[in-house]
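Architecture and fold: a report
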Amino acid sequence: MTTSQHTSQEQDVPLPGSTVSLVSLGRDVVVLAELESWDASPTGLVVTSHVTTTPEIAAMLHGERTWASTYTPLTNTLVVFEGVASQAYGDRPGRLVISGVSVIAREHRRAEPRAQVPCDVHLRVEEADDVTGRTLDLSRSGCRIEVGRSDDLLVGDVATAELVLDDSTVIRTDCRVLRLDEGSRQAVLQFEGTDTAAMAVLSRSVFSRLSADGPVQSAPA
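Procedures and definitions
- Residues numbered from 1 in each chain as written.
- Predicted model: local features only at pLDDT ≥ 70, side-chain atom pairs only at ≥ 80, totals over all residues.
- Heavy atoms only, no water.
- Salt bridge = Lys/Arg side-chain N within 4 Å of Asp/Glu carboxyl O.
- Helix = DSSP H or I, 4+ residues; strand = E, 2+ residues; numbered from the N terminus.
- Buried < 20%, exposed > 50% of the residue type's maximum accessible area, 1.4 Å probe, protein only.
- Pairing = 2+ DSSP bridges.
- Axes fitted to C-alpha atoms, helices over the stretch in contact; angles between N-to-C directions.
- Contact = heavy atoms within 4.5 Å.

Side chains that differ in charge, positive against negative, can pair when their charged atoms come close. Counted according to the given criterion, the structure contains 11 salt bridges. Arg140 is the salt-bridge partner of Glu112, the closest N and O atoms lying 3.1 Å from each other. Taken together, the residues span a long stretch of sequence, with Glu112 in the loop between β6 (95-108) and β7 (120-125) and Arg140 in the loop between β8 (131-139) and β9 (142-147) at a distance of 28 residues. In this structure Glu112 comes out as buried when scored by relative accessible area, which is 17%. Among the residues examined, Arg140 registers a relative accessible area of 13% and is labelled buried. Arg134 is the salt-bridge partner of Asp166, the closest N and O atoms lying 3.9 Å from each other. Here Asp166 is found in the loop between β10 (158-164) and β11 (170-181), whereas its partner Arg134 is found in strand β8, with 32 residues between them in sequence.

Quick look at the structure:
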């Protein structure tokens, strides 16, 4: 990375007041919080983040390995990071300190973190034959899949999706076909009406893969 690129990334960091999505590693907790601060060492490799949520959520996340994502102001880049959450006490019970932070992904102009999480997909399409496929990437809001026959789907189709993760966990959710590439036999699905428990499972699958892939080479300061 050049000096100018590094300087640009140092300046393009989450700002106080930003909305942060929090996901617990061990509990079905997917919530929004507000970023108070983003404090980094001179090298940018050690980051401590402070966020504000409700006292109840802070108590649930206390001591939990937690994944988080928020946007940067300059380039609208989605920053995905992980650390250990600790609840502040005294007069700030709704404050969480996320320490030992590692930035595991920076994704430009992405609505949600996504990763190459392989799983089988079965689509029950309204007024059409069922379709089977395999995910190419996955987020908690949708996925891109490869199907055997692209002409079995149409853009706008509404379906019930059944996703079978590698650990045999089954997720069922309604979805809609957003895009279709008949040449590559790929379809982009948008999940609709996913319940909290299923969303937590999808989020953990995505963040686990990003975490396993390791931190980004140059974390923002």
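To continue, consider the sheet that holds strand β4 (residues 65-71). Judged by pairing direction, the barrel is antiparallel, and its six strands sit side by side in the order β1-β2-β3-β6-β5-β4 before closing back on the first. The average angle at which neighbouring strand axes cross in this sheet is 45°, direction not considered. The pairing of strand β5 (residues 77-87) with β6 spans 10 bridges and is classified as antiparallel. Within β6, the position partnered with Val79 by the bridge is Arg106. Its contacts with the sheet place helix α3 (residues 196-213) against β1 (19-24), β2 (30-40), β4, β5 and β6, and it is angled at close to 70° to β6.

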